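Residue-level structure breakdown
Each chain is listed here by its residues.
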Amino acid sequence: MASASTNDIEFRSVTKNYGSVTAVTDINLNVPKGAFLALLGPSGCGKTTCLRMIGGFEQPSDGTVLIDGREMNGVPAYRRPVNMVFQHYALFPHFNVEQNVAYGLRQMRPKIAAAEINRRVGEALEMVRLGGFAKRRIHEMSGGQQQRVALARAIVNRPSVLLLDEPLAALDKKLRSAMQIELQTLQRELGITFVLVTHDQEEALSMADIVCVMSAGRIRQLGSPQEVYDRPADLFVADFVGKTNRVDATVETDGRTLRLGDGSALPVSAGQGVLSGQAIVAIRPEAIRLTRVQAGDGASFKGTVTHRIFLGSSAEYAVAVPGLGDFLVTADRRDSQSDLVEPGETVFLGFDPAGAHVFPASNAA
Ligand SMILES: Nc1ncnc2c1ncn2[C@@H]1O[C@H](COP(=O)(O)OP(=O)(O)O)[C@@H](O)[C@H]1O
Ligand SMILES: [Mg+2]
């Protein structure tokens, strides 16, 4: 019977213990049909555990995982409408590409006709842009090509959900970028739900339409890439998803003024949360303007450039500001009004206080 659920995957208060180790705690999550979800977080935060519970390789200690509205408790992996590409994908080295991709289909009972298998394998190889490689041996393929064979092997079964555990981690940077685009295109073409596990924030932001930021077995924030980057829920997210400058501050009793360590004051904007007492102001490196002369508007601090990292299209500066500490500033060279600034130079840092985030200091990780 067809399900009316619009959620492909749902976690209801899911906790998983391995003996005395609690890997994930009280996870609640809805993944709509056809979404591209990234589980993002540092190593050991419970990403793979979540993926394995969807795949049926682990069972929750508490709570329920549903796929397409059906409770999966006790449903074995091979009965789930899900395929998984593992972090260490194991291809059969003595098979060629086509045989690797066809393997799962050949095991199916009732049997699938040979012509049908050939057609579907050909289709899957086309999708991962390996149309001409059917007869190649695995050891004659590059790492990126092998990864695509693993993908073809997973999509040939036409799962309604594809689970990907750090599928690009072994690739070099250039190939990884190319594969990120291909995976995203593939997901749109197939229209199936993808759940990607990654510790790489760039990868999560560039590929997914929903990012689930995790730490220590819990969800910290769930939102679009833009939401988690522009409106981080807490300091952990602000730090983990992108770079951030932290400045210690005190919210004055009027609730509207932030007093910084150098004695200067910033307005607390509406929407930044009313709080009082010790706070931390988080500012993105690209939200800060670095100039040789003091700008007229917004907050401005005088400092000295201590380091410069040249990145081609942009440059990163470390700037020491007396009373406030070290700042990281990214300057897009297209926008920058001055040439590259040299270490040792005196500069002014300006930013719009409304673009900064204010968190309670107790929130500091
Ligand atoms: N089979 C297992 N037995 C015991 N502890 C495990 C097992 N698998 C994972 N863990 C622990 O659970 C936590 C989460 O692991 P994992 O889900 O693999 O994290 P991630 O994929 O985010 O790196 C870690 O502390 C890890 O050591
Ligand atoms: Mg993992």
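Residues numbered from 1 in each chain as written. Chains lettered and ligands numbered in written order. Predicted model: local features only at pLDDT ≥ 70, side-chain atom pairs only at ≥ 80, totals over all residues. Heavy atoms only, no water.

**Comments concerning the sheet that holds strand E1 (residues 7-18)**
The four strands lie next to each other as E2-E1-E4-E5, forming an open sheet whose pairing is antiparallel. The sheet is open, and its two borders are formed by strand E2 (21-32) and strand E5 (70-71), each paired with just one other strand. Looking at chain direction, E1 and E2 are connected through eight bridges and run antiparallel. Note on E2: the bridge partner recorded for Phe-11 is Leu-29. (Pairing = 2+ DSSP bridges. Helix = DSSP H or I, 4+ residues; strand = E, 2+ residues; numbered from the N terminus.)

**A few points about the site of ligand 1**
Ligand 1 sits among Tyr-18, Ala-23, Pro-42, Ser-43, Gly-44, Cys-45, Gly-46, Lys-47, Thr-48 and Thr-49. One nitrogen or oxygen atom from the main chain of Gly-44 is found 2.7 Å from an oxygen atom belonging to ligand 1. A distance of 3.2 Å separates an oxygen atom of ligand 1 from a polar backbone atom of Cys-45. Relative to its unbound accessible surface of 560 Å², ligand 1 loses 60% to contact with the protein. With three residues, helix H1 (residues 47-55) is the largest single contributor of residues to the shell around ligand 1. Taken together, the residues of the shell around ligand 1 sort by class into four nonpolar, five polar and one charged. (Near = heavy atom within 4 Å. Polar contact = N/O pair within 3.5 Å; in protein donor to acceptor, adjacent residues only side chain to side chain. Areas by Shrake-Rupley, 256 points an atom, 1.4 Å probe, with all protein chains shown as cover. Nonpolar A, V, L, I, M, F, W, Y, C, P; charged D, E, K, R; others polar.)

**Some details on the sheet that holds strand E11 (residues 245-251)**
Overall, antiparallel pairing links the five strands, which are arranged E13-E12-E11-E14-E20 in an open sheet. Pairing within the sheet leaves two strands with one partner each, and these edge strands are strand E13 (265-267) and strand E20 (357-360). Across the sheet, the mean angle from the axis of one strand to that of its neighbour is 40 degrees, orientation sign disregarded. Here strand E14 (residues 277-283) runs beside E20; their pairing, made up of four bridges, is antiparallel. For Ala-279, the partnering residue across the bridge sits in E20 and is Pro-360. (Axes fitted to C-alpha atoms, helices over the stretch in contact; angles between N-to-C directions.)

**Points about the packing of helix H2 (residues 97-107) against helix H3 (residues 114-127)**
H3 packs onto H2 with a crossing angle of 125 degrees between their chain directions and a minimal axis gap of 10 Å. With respect to each other, H2 and H3 are oriented oblique. Crossing of H2 over H3 shows right-handed handedness. Here H2 contributes Val-97, Glu-98, Val-101, Ala-102, Leu-105 and Arg-106 to the contact with H3, which in turn contributes Ile-117, Arg-120, Val-121, Ala-124 and Leu-125. (Parallel < 35°, antiparallel > 145°, perpendicular 65-115°, else oblique. Left-handed = near helix turned anticlockwise from the far one by under 90°. Contact = heavy atoms within 4.5 Å.)

**Thoughts on the domain arrangement of the protein**
On domain assignment, one finds that the protein holds domain 1 (7-235) and domain 2 (243-364). Here the C-alpha centroids of domain 1 and domain 2 sit 39 Å apart. The interface of domain 1 with domain 2 comprises eight residues on the first partner and nine residues on the second. Taken over both partners, the interface formed by domain 1 and domain 2 buries close to 740 Å², and the fraction arising from carbon and sulfur atoms is 56%. If you sort the residues of domain 1 by the area they bury against domain 2, Tyr-229, Pro-232 and Leu-235 come out on top, with a joint share of 78%. There are zero salt bridges connecting domain 1 and domain 2. Inspection of the region where domain 1 meets domain 2 yields three residue pairs in polar contact (both at pLDDT 80 or more). (Domains from an automatic or database assignment. Buried area = accessible area lost by both parts, 1.4 Å probe. Salt bridge = Lys/Arg side-chain N within 4 Å of Asp/Glu carboxyl O.)

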